[in-house]
Amino acid sequence: MSQRVRFAPSPTGRLHVGNAYIALANWLYAHRHGGWFLLRLDDTDRERSTAAFAEGIEADLRWLGLLWDEKAHQSARLDRYDEAADRLRRSGRLYPCYESPEELSLKRKLQLQRGEPPVYDRAALKLSEADRAGLEAAGQRPHWRFKLSGGTSSWTDLARGEQRVDEASQSDPVLIRTDGSYLYTFTSVVDDIDFAVTAVIRGADHVTNSGTQIELFKALDAMVPDFGHLPLLSDVAGGGLSKRIGSLSLAELREQGIEALALASYLAKIGAGAHEPRTSLAELAAEFDLAAFHGGSPRFDASELRHLNGRLLHLLSYSDVADRLQPGVDEALWLAVRGNIQRLAEVEEWRQICREAIEPRIEDRDLCASAAKILPPEPWDDTTWHGWIASLKGAVGKSGRALFHPLRLALTGRENGPELKLLLPLIGRARAAARLQGLKG
Ligand code: GLU
């Protein structure tokens, strides 16, 4: 069956790695199952939601390549929430309550003192019509609670397998606040019904919510979608990842030179197998398996991600990166250096070494002078190096590091780098000759 999924961030901040993991899981699941992906902005909190954060989230998703088929704003759907709330009122599942926050907290305290679970006692259900009218006349406005069945919600989770939530141990959840605003537990279900979502994939912090929401789907006579709850990521020390860890925002990772596909390759299998770089989201989708995410909190390790970033760059073709390379980096230069960089921006250093004058470093003056003397005439290609080195070995009687290290230092000014047989034709004869003689070139 083709699947319809949604990613539902609140635009109260930019995306961090934990959000990207959930967004990616939804997108890959949809694409694995010929599906459809909704970006839903949960922006009913008017104080904290901003258009700038919403735009930032969209930019982050675009950067990751997670394009959406449709976009919805909860703030534009209030009429639908009103309709669904009326329906629940009519069926007796949504009831008005007048306790103040202070009264509720006192009730909880007393319950705990008596050793009882702090579950809402449903006192408001006992109010008569006249009691309510009296409270309203005295200027009291209600908040509204959903009457749970008192049974058990159970489902086969796409990631965690069989799940059960005992609704009798939960308070009837508030769906509408005193000021008339709706809570996420409710709006999310109405949206999932209206957009015909078939799989709700989100973090394990929502498992209890899902129990309640399953009852809401049923109370609204709707089909209950599948649920998949992914284990929450932790940092390398085992602590939770949070939005506050700025260094883990996608914007920051992008600035650090992390490739979107490296992050996607990393998150698509985090805690669920070995990390292999993949050069397209389609490949990741073909391999994606939600059932592999049934373990404990996977650790997000930035150093592993950086390593994967390097391995990904080694696999990318020139056309994969051409639009992000500086002018002057052609295919030959890219192919020569891609195996030796961790971040794309490092290509620039090698462009300068190949295409601009640099100060050589002379370690063995005689060797370099001999090498300069027998440089073959151009045109050069990647076979030039072998012929030249073979003659040089004979001329100077050196080999191994004693031969190669001084040549690398003179030709590139660097201790390490891409294969010299690939760099030599890019540097060209005039620069090579100058550098081997200790001249800037
Ligand atoms: N806005 C909710 C959140 O960020 C969405 C949760 C869900 O996917 O249902 O937690």
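Figured I'd write up the structure that's included with this text.

Definitions and limits used
Residues numbered from 1 in each chain as written. Predicted model: local features only at pLDDT ≥ 70, side-chain atom pairs only at ≥ 80, totals over all residues. Heavy atoms only, no water. Near = heavy atom within 4 Å. Polar contact = N/O pair within 3.5 Å; in protein donor to acceptor, adjacent residues only side chain to side chain. Nonpolar A, V, L, I, M, F, W, Y, C, P; charged D, E, K, R; others polar. Phe/Tyr/Trp six-rings, centres within 6.5 Å; stacked < 30°, edge-to-face > 60°. Helix = DSSP H or I, 4+ residues; strand = E, 2+ residues; numbered from the N terminus. Buried < 20%, exposed > 50% of the residue type's maximum accessible area, 1.4 Å probe, protein only. Lys NZ or Arg CZ within 6 Å of the ring centre and 35° of its normal. Expected span 1.5 Å × (residues − 1). Contact = heavy atoms within 4.5 Å.

## Topic: the site of the ligand
Inference 1: Residues in contact with the ligand, as listed here, are Arg6, Ala8, Ser10, Asp42, Tyr184, Ser188, Arg202 and His206.
Inference 2: Interatomic distance of 2.6 Å between a side-chain N/O atom of tyrosine 184 and an oxygen atom of the ligand.
Inference 3: Each residue belonging to the shell around the ligand can be placed in one class, and the counts come to 2 nonpolar, 3 polar and 3 charged.

## Quick look at the packing of aromatic side chains
Inference 1: Enumeration according to the criterion identifies 9 aromatic pairs in this entry.
Inference 2: Consider the rings of tryptophan 385 and tryptophan 388, whose centres lie 5.6 Å apart with planes at 70°: the pair is edge-to-face. Placement of both tryptophan 385 and tryptophan 388 in helix H16 (residues 384-396) is noted, with a separation of 3 residues, approximately one turn of the helix. Judged on exposure class, the residue tryptophan 385 and its partner tryptophan 388 are both buried.
Inference 3: Among the aromatic residues, those joined into a cluster by ring pairs are Tyr21, Phe288 and Phe293.
Inference 4: Here the guanidinium or amino end of arginine 4 rests over the ring plane of tryptophan 36, the centre of that ring lying 3.7 Å away.
Inference 5: Here arginine 145 stacks its cationic end above the ring of tyrosine 120, 3.8 Å away from the centre of that ring.

## Quick word on unusual backbone geometry
Inference 1: Omega for the bond connecting glutamate 378 with proline 379 falls within 30 degrees of zero, at 5°, which places this linkage in the cis form.
Inference 2: Here proline 379 is to be found in the loop between helix H15 (365-373) and H16.
Inference 3: Positive phi, normally seen in glycine, also occurs at arginine 122, with a value near 60°.
Inference 4: Structurally, the position occupied by arginine 122 is in the loop between helix H4 (101-113) and helix H5 (129-137).
Inference 5: Given the relative accessible area of 27%, arginine 122 is considered partly exposed.
Inference 6: Positive phi is not limited to glycine here, since alanine 196 has a value of about 50°.
Inference 7: Relative to the elements of secondary structure, alanine 196 occurs in the loop between helix H6 (184-194) and strand S9 (199-203).

## Let's talk about helix H11 (residues 302-315)
Inference 1: The end-to-end C-alpha distance of H11 is 20 Å, a good match for the 20 Å that 14 residues give at a rise of 1.5 Å each.
Inference 2: Among all positions in H11, only Leu305, Leu308, Asn309, Gly310, Leu312 and Leu313 are buried.
Inference 3: Residues of H11 that are buried sit in contact with helix H8 (250-255), helix H9 (260-268), strand S12 (299-300) and helix H13 (331-337).

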